[in-house]
Amino acid sequence: MLNVSPLIPLILGLFLAIVVVRDSITRKVFLKYRMIISFVIIFVFALLSLFYESLTSTENNLLVFNYAMLFSTVLIAILILFNGLYNIANNELNNKILTAFDNTIYYLYINKKGKILAISNELKETFNIDKDVIYINDILNNYITIKSINNEDVSNADFVYYLSQKNQTSINNKLDIRYYLNDGTIKEICLIEQILYKDKRYIGRIFVGQNSKNNILPQEVEDEVVTNRLEALLNTKLSGLMLHDLNNDNLWVNDYLIDKLNLERNNMTYSDYKRLIDKDDYNAFVNYLNELESNEYEFIYRISNGKKKVYVKEVGKYILDGHKKVEALSYVLINDNRNFMKTNTILDNLEEENELLVKIDDLGNHNINYELVVFELENIVNINEQYNRQIGTLVLEEYVKTFTKVFADSIYRISGLVFVMIITDIRKMELFKKTLLNGKIFNPTLTYGSVNCDLIVKLGISFSNDAIRPREVYANAKVALKKAKERNIPYLFFKDMNK
């Protein structure tokens with residue numbers, strides 16, 4: 001006789017519940033109705049198993065019960081099979097769609113709570129994301145600092161608040177976002193935002209953008225070369241000007257370089273020019289260019305001017321024909337004295353302590369919040385002794401120039417090796433904090449030809465709300481620097497001194 005135990009559909013019901021729970025987790029959606037059905041099945045067949053003896057006391061009851069169990073078993077098996085095939089089909093389709101766009105399209109899909117449901121590899125690379133990110137805040141807190149959106153100044157906090165607004169007049173928006181990376185580089189990305197609703201309920205939003213480097217049309221290539229060349233020329237500081245034809249290995253230089261380097265003519269082969277460069281520096285220059293990831297470069301090397309070797313700073317940009325580098329356009333600064341690049345540089349023009357005191361008094365009078373950083377380049381004396389004062393001056397200038405470009409409203413030189421930086425922009429404060437946590441700011445390695453200098457920096461940091469009077473804020477930062485040096489730590493916030 002046919003005999004089907006209620007334990008069979010009960011076990012299948014448990015398996016169905018497991019499948020539904022797994023799908024809910026995978027899809028990040030609570031499958032309410034499927035969950036209810038699976039638990040009803042479990043409850044019903046648990047009761048039938050409990051009262052099995054009484055329900056099958058007669059032969060007719062047993063026959064009806066067995067057929068009912070058989071029908072239920074088949075039905076639950078079909079439910080499991082249908083659920084599995086449906087999800088396999090949809091997941092495979094979604095994966096294929098996302099995979100097809102992963103390396104050509106920027107996309108970011110977040111739910112209403114800011115949880116990331118999907119993000120493309122291309123966008124991860126653009127934001128320098130090197131770890132798994134779960135929420136949009138993980139990106140904003142650890143990888144980028146927003147500068148502006150659609151030419152309006154916006155901070156990370158402003159953008160998070162914008163995302164929290166569920167009832168917006170437009171559900172399709174164009175966002176031109178300018179942002180800082182952790183290394184201080186500023187970039188721009190254009191995304192289309194689609195706000196998603198289901199049954200009039202806000203459920204999330206998708207950001208999609210095209211990677212422009214994969215969108216070059218053949219008929220636009222020559223115009224692009226001309227445009228890039230013109231742009232580079234317009235942005236060149238016309239001291240020494242050099243144009244390197246990479247295809248033919250020819251070099252053109254202006255009269256400034258002919259005079260400074262005692263060259264015979266404006267046109268020559270690049271092979272002739274590189275013979276004048278110090279051999280070790282040239283090898284270091286080649287290695288630097290081989291590892292270069294962008295189309296812009298900056299390098300310092302030694303070169304002979306016919307009488308002695310002088311330091312040259314070459315700042316260049318590659319001109320592209322499609323994806324191929326066809327030219328390198330650069331401006332060249334030459335120094336032939338012991339104080340290379342000292343005259344008319346940032347170091348010469350920095351204001352001193354008296355101007356600093358006037359500045360912070362003015363900020364206090366206008367109730368402007370600011371961050372004050374006192375930093376000391378500890379081992380410049382050792383660098384001067386190990387290499388020469390020329391290199392020490394280069395290191396000082398480059399480090400201060402970086403702070404000026406990326407973080408500071410203004411920088412003041414308090415003594416030979418001690419400087420003060422003031423930051424009033426909240427976005428730059430956030431960027432500075434991220435850079436501190438990154439750690440590279442304390443012991444950067446600076447390269448000048450074949451010379452590699454490891455710089456040691458200590459910082460003391462105070463905020464305007466750490467004291468009532470502005471000059472106490474300055475004093476607090478100096479105390480924090482002193483304590484950081486005593487404890488042999490790279491930086492110290494005044495507010496954390498007693499921790």
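Up top is the structure.
Residues numbered from 1 in each chain as written. Predicted model: local features only at pLDDT ≥ 70, side-chain atom pairs only at ≥ 80, totals over all residues. Heavy atoms only, no water.

S.K.: Help me get a handle on the overall build of the chain, residues and values and all.
M.R.: A count of helices and strands for the chain gives 17 helices and 20 strands. Buried positions account for 43% of the 499 residues belonging to the chain. By sequence separation, contacts in the chain at least 24 residues apart represent 56% of the contacts at least 6 residues apart. With the model as given, the accessible surface of the chain reaches about 28,300 Å², and the carbon-plus-sulfur share is 53%. (Helix = DSSP H or I, 4+ residues; strand = E, 2+ residues; numbered from the N terminus. Buried < 20%, exposed > 50% of the residue type's maximum accessible area, 1.4 Å probe, protein only. Contact = heavy atoms within 4.5 Å. Areas by Shrake-Rupley, 256 points an atom, 1.4 Å probe, with all protein chains shown as cover.)

S.K.: I'd like a rundown of a positive patch on the surface, residues and numbers included.
M.R.: Side chains of K32, K112, K113 and R201 sit close together on the surface and give a patch of like positive charge. As for its placement among the helices and strands, K112 is situated in the loop between β1 (105-111) and β2 (116-119). (Patch = residues over 30% accessible without salt bridge, like charges linked within 9 Å, V, L, I, M, F, W, Y side chains within 5 Å. Salt bridge = Lys/Arg side-chain N within 4 Å of Asp/Glu carboxyl O. Lys, Arg positive; Asp, Glu negative; His and termini not counted. Charge placed at Lys NZ, Arg CZ, Asp CG, Glu CD.)

S.K.: Could you give me a rundown of the pattern of salt bridges, with the residues and numbers involved?
M.R.: By the definition in use, this model includes 14 salt bridges. Among the ionic pairs, K313 bridges to E298, the shortest N-O distance being 3.3 Å. Here K313 is found in strand β12 (residues 309-321), whereas its partner E298 is found in strand β11 (residues 296-304), with 15 residues between them in sequence. The class of K313 is buried, set by a relative accessible area of 10%. Residue E298 is classed as partly exposed on the basis of its relative accessible area, which comes to 40%. Across the pair K458 and E378 runs a salt bridge, and its minimum N-O distance is 3.2 Å. Separated by 80 residues along the polypeptide, K458 in strand β19 (residues 457-463) and E378 in the loop between β14 (371-377) and α14 (380-386) bring together distant segments of the chain. Overall, the relative accessible area of 29% leaves E378 in the partly exposed class.

S.K.: Go over the nonpolar core with me, naming the residues and quoting the values.
M.R.: Membership of the largest hydrophobic core comes to 40 residues, with the highest contact counts inside it found for F375, M421 and F432. Breaking this core down by element, the ones donating at least two residues are β14, α14, α15 (389-406), β16 (418-423), α16 (426-438), β17 (445-448), β18 (451-454) and β19. At eight residues, the largest contribution of residues to this core is made by α15. Beyond its immediate sequence surroundings of up to four residues, M421 is in contact with E371, L372, V373, F375, F403, F407, A408, S410, I411 and F432. (Core = buried A, V, L, I, M, F, W, Y, C linked by side-chain atoms within 4.5 Å.)

S.K.: Provide a residue-level description of the sheet that holds β19, including the pertinent values.
M.R.: Across the sheet, five strands lie side by side as β15-β16-β14-β19-β20; this open sheet has mixed pairing. The sheet is open, and its two borders are formed by β15 (410-413) and β20 (491-493), each paired with just one other strand. Direction aside, the axes of adjacent strands within the sheet are offset by 15° on average. Two elements, β15 and β16, share four bridges in a ladder whose sense is antiparallel. Among the inter-strand pairings, Y412 is bridged to a residue of β16, identified as V420. (Pairing = 2+ DSSP bridges. Axes fitted to C-alpha atoms, helices over the stretch in contact; angles between N-to-C directions.)

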